[in-house]
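Okay, here's what each chain looks like letter by letter:
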Amino acid sequence: MSKNKIKSINITGIRGVREGLNLSPDKKSLLIYGDNGTGKSSITDALEWFYNDSIEHLAGEEVGGKGKNALRNVFLKPSDEAKIEIQYSNKLLDNEKSINNSLKTFNSNSSKEFSNYFNQSQSENLFLRYRDLVQFIIATKGDKLKHLQNIIGFNQVQELRSLLKLVGGRIARGIKAGGYSNKRSAQQAILLESLGQNITSSKQFFETALKVITPLKVEKEIKSFKDVKTALKSIETNEETKVVELIVFHNKITDTLTDLEIEIDNIHTLYKDYYKSYIALRKDADKISKLQLLALLSEGLKVLKKDIVKDNFCPLCQQEKDKLKLAQELNQRVEDLQEIKAEQDKLNEECEELTKLLRNNYTVINALLKEKHLAEKENEDTKKKIEQIQNSIKNIGEDLKKDVFSTEPLKEFSLIKIDTKEIKGLIDNAKLKSKALADSIKGNIKLQIHTKLSRALDAYMAHKKLEREEDVLTKQQITFESLYTDFIKRQEEALEGFLTMFSDEINSYYVEMNPNEKVEDIQLVPIKDKNDELSGITIEYTFYNERQTPPVALLSESHINCLGLAFFLASVKAFNKENEFFVLDDVISSFDSTHRTRFIRLLINKFSDFQIILLTHEKDFFDIASSEAKRNNWLITSLSWTAEKGASFETPRIDLRTKIEDKFKAKNIDGLGNDIRHYAERQLKQIAYNIEAGLVFRFNDKNEERMMNELLSSVQSRVNKQSPADLKTKNNIDSILASPILIGNKTSHDNTFKENINDLEVFWEDVKKLIKTFYCSEDKCKSFVATKNFDNVNSKIRCNCGTVNYDWKK
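Residues numbered from 1 in each chain as written. Predicted model: local features only at pLDDT ≥ 70, side-chain atom pairs only at ≥ 80, totals over all residues. Heavy atoms only, no water.

(A) Layout of the overall build of the chain. Per the secondary structure count, the chain includes 26 helices and 19 strands. Out of the 810 residues belonging to the chain, those deemed buried represent 47%. Sequence separation of at least 24 residues holds for 68% of the intrachain contacts in the chain that already meet a minimum separation of 6. When the accessible surface of the chain is split by element, carbon and sulfur atoms take 49% of a total near 41500 Å². (Helix = DSSP H or I, 4+ residues; strand = E, 2+ residues; numbered from the N terminus. Buried < 20%, exposed > 50% of the residue type's maximum accessible area, 1.4 Å probe, protein only. Contact = heavy atoms within 4.5 Å. Areas by Shrake-Rupley, 256 points an atom, 1.4 Å probe, with all protein chains shown as cover.)

(B) Up close: the environment of Glu496. Checked against the element boundaries, Glu496 lands in helix α16 (residues 445-513). Placed 29 residues apart in sequence, Glu496 and Val525 show a C-alpha to C-alpha distance of 7.9 Å.

(C) Main features of unusual backbone geometry. Phi at Asp521 is positive, roughly 50°, even though this residue is not glycine. Within the secondary structure, Asp521 is located in strand β8 (residues 519-528). Of note in this structure, Tyr544 is not a glycine but carries a positive phi near 50°. Relative to the elements of secondary structure, Tyr544 occurs in the loop between β9 (534-543) and β10 (546-548).

(D) Broad picture of the packing of helix α9 (residues 241-283) against helix α15 (residues 420-440). Running from amino to carboxyl end, α9 crosses α15 at an angle of 160°, the nearest separation of the two axes being 9 Å. As summarised for this structure, α9 and α15 are arranged roughly antiparallel, according to the angle between their axes. In this structure, the crossing between α9 and α15 has a hand that is left-handed. Across the contact of α9 with α15, the residue classes break down as 12 nonpolar, eight polar and five charged. (Axes fitted to C-alpha atoms, helices over the stretch in contact; angles between N-to-C directions. Parallel < 35°, antiparallel > 145°, perpendicular 65-115°, else oblique. Left-handed = near helix turned anticlockwise from the far one by under 90°. Nonpolar A, V, L, I, M, F, W, Y, C, P; charged D, E, K, R; others polar.)

(E) Broad picture of the pattern of salt bridges. For the coordinates displayed, the defined rule picks out 36 salt bridges. Of the charged contacts in the structure, one is a salt bridge between Arg129 and Asp45, with a shortest N-O distance of 2.3 Å. A residue pair is termed long-range when its members are at least 10 positions apart, and Arg129 in strand β7 (residues 127-129) and Asp45 in helix α1 (residues 40-52) qualify at 84 residues. Asp45 sits in the buried class, given a relative accessible area of 2%. Between Glu398 and Lys401 there is a salt bridge whose closest N-O contact spans 3.2 Å. Among the charged side chains, a network of salt bridges with common partners joins Arg15, Asp45, Glu48 and Arg129. (Salt bridge = Lys/Arg side-chain N within 4 Å of Asp/Glu carboxyl O.)

(F) Main features of the sheet that holds strand β18 (residues 796-798). The three strands lie next to each other as β17-β18-β19, forming an open sheet whose pairing is antiparallel. The open sheet has two edge strands with one neighbour each: β17 (786-791) and β19 (805-807). Here the average twist between neighbouring strands, direction ignored, is 35°. Pairing between β18 and β19: three bridges, direction antiparallel. Bridging across to β19, Arg798 finds its partner in Asn805. (Pairing = 2+ DSSP bridges.)

(G) Geometry of the packing of aromatic side chains. On inspection of all chains with the given rule, the structure shows 28 aromatic pairs. With a centroid separation of 6.3 Å and an interplanar angle of 70°, the aromatic rings of Phe205 and Phe206 are classed as edge-to-face. As far as burial versus exposure is concerned, Phe205 and Phe206 are alike and both buried. Members of the aromatic cluster, connected to one another through ring pairs, are Phe50, Tyr51, Tyr88, Phe114, Tyr117, Phe118, Phe127 and Phe581. Positioned above the aromatic ring of Phe413, the side-chain terminus of Lys272 is 5.0 Å from the ring centre. For the cation-ring pair, Lys573 lies above Phe607, with the distance from its terminal atom to the ring centre recorded as 4.4 Å. (Phe/Tyr/Trp six-rings, centres within 6.5 Å; stacked < 30°, edge-to-face > 60°. Lys NZ or Arg CZ within 6 Å of the ring centre and 35° of its normal.)

(H) Examining the environment of Leu447 more closely. Mapping Leu447 onto the fold places it in helix α16. In the structure, Leu447 is positioned 203 residues away from Val244 in sequence and 8.4 Å away in space, judged by C-alpha atoms.

(I) Molecular detail of the sheet that holds strand β11 (residues 581-585). Spatially, the six strands line up as an open sheet ordered β7-β11-β12-β3-β13-β14, and their pairing is mixed. Two strands lie at the open edges of the sheet, namely β7 and β14 (646-649), each paired on one side alone. Geometrically, the sheet is characterised by an average inter-axis angle of 20° between neighbouring strands, direction not taken into account. As paired elements, strand β13 (residues 635-642) and β14 share four bridges and run antiparallel to each other. Bridge assignment links Ser640 to a residue of β14, and that residue is Ser648. Sheet strands in contact with helix α17 (residues 557-575) are β7 and β11, and its direction is about 165° off that of β11. Across the sheet, helix α19 (residues 619-630) lies against β3 (30-33), β12 (611-616) and β13, angled at about 155° from β3, the strand it touches most.

(J) Quick look at the side chain of Arg682. Mapping Arg682 onto the fold places it in helix α21 (residues 672-691). We note that Arg682 is buried and unpaired, the nearest opposite charge coming from Asp623 at a distance of 4.4 Å. For Arg682, the side chain forms a polar contact with the main-chain oxygen of Asp623, separated by 3.3 Å. Excluding its chain neighbours within four sequence positions, the residues that come into contact with Arg682 are Asp623, Ile624, Ser627 and Leu656. (Lys, Arg positive; Asp, Glu negative; His and termini not counted. Polar contact = N/O pair within 3.5 Å; in protein donor to acceptor, adjacent residues only side chain to side chain.)

(K) Just the packing of helix α7 (residues 202-213) against helix α8 (residues 225-234), in detail. Interhelical geometry of α7 versus α8 gives an angle of 20° and a closest axis separation of 10 Å. In terms of orientation, α7 lies roughly parallel with respect to α8. As α7 packs across α8, the resulting crossing turns out to be left-handed. Each of Ser202, Phe205, Phe206 and Ile213 in α7 lies in contact with α8, whose residues at this interface are Phe225, Val228 and Ala231. Across the contact of α7 with α8, the residue classes tally to six nonpolar, one polar and no charged.

(L) Structural detail: the state of the cysteines. Overall, the coordinates contain zero disulfides when judged by the stated rule. Not part of a disulfide, Cys801 finds its nearest cysteine sulfur in Cys799, a span of 3.7 Å. (Disulfide = S-S within 2.5 Å.)

(M) Spatial organisation of a nonpolar patch on the surface. A contiguous nonpolar surface patch, about 340 Å² in accessible area, is contributed by Val74, Phe75 and Trp641. Positionally, Val74 belongs in the loop between α1 and β4 (82-88). (Patch = residues over 30% accessible without salt bridge, like charges linked within 9 Å, V, L, I, M, F, W, Y side chains within 5 Å.)

(N) Region of interest: the nonpolar core. Counting 50 residues, the largest nonpolar core has Phe582, Leu584, Phe599 and Leu614 as the members making the most contacts within it. Per-element accounting of this core gives the leading share, 12 residues, to α17. Contact partners of Phe582, with chain neighbours within four places excluded, come to Asn125, Leu126, Phe568, Leu569, Val572, Leu603, Phe607, Phe610, Gln611, Ile612 and Ile613. Of all hydrophobic cores here, the second largest spans 44 residues; its members include Tyr278, Leu368, Leu369 and Ala430. (Core = buried A, V, L, I, M, F, W, Y, C linked by side-chain atoms within 4.5 Å.)

(O) Here's a closer look at helix α22 (residues 708-722). Given a rise of 1.5 Å per residue, 15 residues ought to cover 21 Å, and the 21 Å separating the end C-alpha atoms of α22 matches this to within 8%. Of all the positions in α22, only Met708, Leu711, Leu712, Ser714, Val715, Gln716, Arg718, Val719 and Gln722 are classed as buried. (Expected span 1.5 Å × (residues − 1).)

Shown next as structure tokens:
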């Protein structure tokens, strides 16, 4: 099934667009020029809102959480809707999205097809602005990992991995904190007291129960727990019900407090461990200040990422500072603080675990306090002591609310320790009362046996339940640990395979924009922390034959931007499964001319199957790009802005060649000579680049200021040397060089030379003829002959398709 392209876009009342702004690319790529302030980015904003229901760079408190308050054009009437309508190559997806004055959103297409398409598009890379260009490159290692996992669908995989580790750890801690061994021992003590022996199996319990009821001469067979219950039912008596009720009451106090005593030991152990970690972190003033600083640094990063600060200065200290370097430094500082943050997170996790244990025991005591006999006067002292224990647990919970930044520190263990002697005293007292009550009914053998067997059954069932719980948890722990170990192996194998493939794509695009430079073999490399856990991704590359990282350390801003573009384009190719279009909004602002030319060629050559909407405010780049784009059937237009209309399209801007042809038709020689020279210089730069013609080295932009005669001489010298019997005889460079008065800057206003239409027509024909010699105009090709297409077998230089070719020395 073919992917989706855009047939038309109609925007009204969104951002800088007041009246209807209609784009009808009809699945073709589109180049749009617009000066700053003409509403160019309003197109990207509208598309981003259409797909994401928000505009990230506008999101914030002042403009609403998703930027919707700033979405509607300020001149819209309250009754007017702001809207964007998109028609696709697949008509079933056509949709108009609108937002009214109350900021309520409506979609015209409610079909299942559109809903599925919309959901799938959420994870695709559809928009790139200059401000977002290098975010991945300068991001922390951990953020790089998160970002990549999000776009490749590995975020759920990582969440599952984290969940496996989290659950496995919690189960292990649960087993340790559960005190299962001590709790089983407590139940065995009850069995020993009730039955006179330890019980190790159900069979033994049934045999012992049968012996216990033998004096009652009850003809019962006991081979199951159901039989035990039936036997108990048969020897039930209504005698001494008050005594039996009190025995059960005191036994409940004994059992509950016995378990609580074990839990208190766990609480004490966990509190001591937590207190030790808490004090260690709190006493480290450097760590505390860094944790407080982390919040400020993180907010600073958000400000830079949202491009709230437009110029190169620090928003905090107001000093001049390159934004890219500032963002990189902040990212690095945040990453450096992650280890301390992890220490704080671990402390918080310990606190949560302890709080949960306290809450559970508070609830257990609360249930015990609801026993009606505790309201009786004779149990008043017991109730008070139990309430004191409950308050002690509550006080520990309240103290745990203090974090490492609190003015008052966590209390020392000695100040919160719960006196277990008090609990033991309550247990012993309850046991004595229960025994005294049991002794009072010694004459009633039937009641005495019923009481002992009933308590023994409860104790054995509790013992079995504890065994089952521990067994289940242990098996779960083993299972989760095994799953986690296997999962790590499989995830890392899959991730490394993907990174290798993805790195190759990034490297390919980067090298195409930066050929013959000493940056190569770019790779995304997974890194692990001290616990051998996958913790992030770094970017490595070879620079003058040595491996380096990170890119910001050595590469210029222009090269870093190329790397950001390469990453985005590789992401588009790899992950955009629904859409075959993407938007690039002013992404070449810091590129030098060489990178700009190579960039537009990369888009045309490598992304010819995609529909590209390319917006720029750079006039020079637009001139370069429009020449290349028009030959490849792109649509070309430009924007203007007025208060009355907002953003609107101007009369379609034409490329330089069309401009020259139109001037000849109109016999208009005003600036015609300069236009021809500019056109010729632009094409000669491409010819010189493709045949590797040598030019004298110049720094930065000076390298682009080559005069026509210098370029012609360089190309001629290279051709004469490499193709003396073929291309040397077929080009007309000598003819052009024979007119120095035309190829020099002789038609500027301070020169007395006056060009005429006839001279310029001859000059123009010579230029076209020269370009035709080096250029293949076949629809499938449209490329210059280049050394990269050198035919080793036939020793020929050729165009991409091979139609235009010449002999060329090796």
